[in-house]
Amino acid sequence: MPELLIAPSILTADFARLGEQIREAEEAGVDWIHLDVMDGRFVPNLTFGPVVVEAIRRVTQLPLDVHLMIVEPERYLKDFAQAGADWISVHFEATPHAHRAVQQIKELGKKAGLALNPATPLEAFAPLLPELDLALVMSVNPGFGGQKYIAHSTERIRRLARLRNQLNPACLIEVDGGIKPENVAEVFRAGADVVVAGSALFNSQPVAENMKQLLGEVYAAGSR
Ligand code: DX5
Ligand code: ZN
């Protein structure tokens, strides 16, 4: 069985019935819940903070994967940890002190991730890779759900997988943005361990239907 974890982003879910939507995803067999935190500064969009994470923590046992698209993430790490995040990722581009932020996440007893924008040289992962639990490759420019997968991301995932195997085989590779049934197999084969899927899972069809389609493509790809 292929080992690919599916982390639905709630960004395109119905926020008026978030609890229900998360339950629906859980019943459809998703592995994590991906929470996109945006501050209107690092990215043009605004979403939610620790209060919503805390509310979601109460309705699911699934690991909460918090993706911080905020400047100076150091200021809020403790709040997100206390709200019940299991995985916390900060952006390399959002702080001059990515190393310190990663250390802080680990000191809070959480799994630490580092995210890179599509234009950031992949080598930025290297100095921190030995200490990371998660390396997050953005396959769209962060800020909005429903964008198109940037094609050069596949080569970046491949290169990152090689780097990861050398420096820290335990670190998971997560790919975020524009994941659809038509590219999920390619992303999996390139080396992704976790894929985030927003609009591919939360749309006008039931989540279970969408999950079946997505996983069908992964199974068809076989093992890597
Ligand atoms: C983009 C977010 C993603 C995104 C995923 O800034 O980090 O998690 O919303 O949504 P889709 O799958 O629709 O690209
Ligand atoms: Zn995200």
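In this text, all values refer to a predicted model and were calculated from it rather than measured experimentally. (Residues numbered from 1 in each chain as written. Chains lettered and ligands numbered in written order. Predicted model: local features only at pLDDT ≥ 70, side-chain atom pairs only at ≥ 80, totals over all residues. Heavy atoms only, no water.)

Chemist: Residues and numbers for the environment of His152, please.
Modeler: As for its placement among the helices and strands, His152 is situated in the loop between β6 (134-138) and α5 (153-167). With 122 residues separating them in the primary sequence, His152 and Val30 have C-alpha atoms 27 Å apart. At 3.5 Å, the side chain of His152 and the backbone oxygen of Pro118 are in polar contact. (Helix = DSSP H or I, 4+ residues; strand = E, 2+ residues; numbered from the N terminus. Polar contact = N/O pair within 3.5 Å; in protein donor to acceptor, adjacent residues only side chain to side chain.)

Chemist: How would you sum up the coordination of the zinc ion (ligand 2)? Please name residues and give values.
Modeler: Every protein donor of the zinc ion (ligand 2) is accounted for by His34 (NE2), Asp36 (OD), His67 (ND1) and Asp176 (OD), and the metal-donor separations fall at 2.0 to 2.3 Å. Bound by six donor atoms, the zinc ion (ligand 2) shows angles of 70 to 171 degrees at the metal and therefore octahedral coordination geometry. All donors of the zinc ion (ligand 2) belong to a single chain; written as a sequence motif, their spacing is H-x1-D-x30-H-x108-D. On the criterion of sequence distance, the pair formed by Asp36 in strand β2 (residues 33-38) and His67 in strand β3 (residues 64-69) is long-range, its members being 31 residues apart. (Donors = N, O, S within 2.8 Å, 3.2 Å for Na, K, Ca; no water. Tetrahedral: all angles 85-135°; square planar, octahedral: opposite > 155°, others 65-115°.)

Chemist: Can you lay out the site of ligand 1 for me, pointing to particular residues and giving the numbers?
Modeler: Ligand 1 sits among 20 residues. The nearest are Asp36, Gly143, Asp176, Gly198 and Ser199. One of the side-chain nitrogen or oxygen atoms of His34 is found 3.5 Å away from an oxygen atom of ligand 1. Residue Asp176 places a side-chain N or O atom 2.7 Å away from an oxygen atom belonging to ligand 1. Burial of ligand 1 by the protein chains amounts to 100% of its free accessible area of 380 Å². Here ligand 1 occupies the largest cavity. Listing elements by their share of the shell around ligand 1, those giving two or more residues are β2, β3 and β8 (194-197). With three residues, β2 is the single largest residue contributor to the shell around ligand 1. Split into classes, the residues belonging to the shell around ligand 1 amount to eight nonpolar, 10 polar and two charged. (Near = heavy atom within 4 Å. Areas by Shrake-Rupley, 256 points an atom, 1.4 Å probe, with all protein chains shown as cover. 1 Å grid on protein atoms, 1.4 Å probe; cavity = no way out; pocket = protein on both sides within 12 Å on 5 of 7 lines; lining within 4 Å. Sits in = over half its atoms within 2 Å of the grid points. Nonpolar A, V, L, I, M, F, W, Y, C, P; charged D, E, K, R; others polar.)

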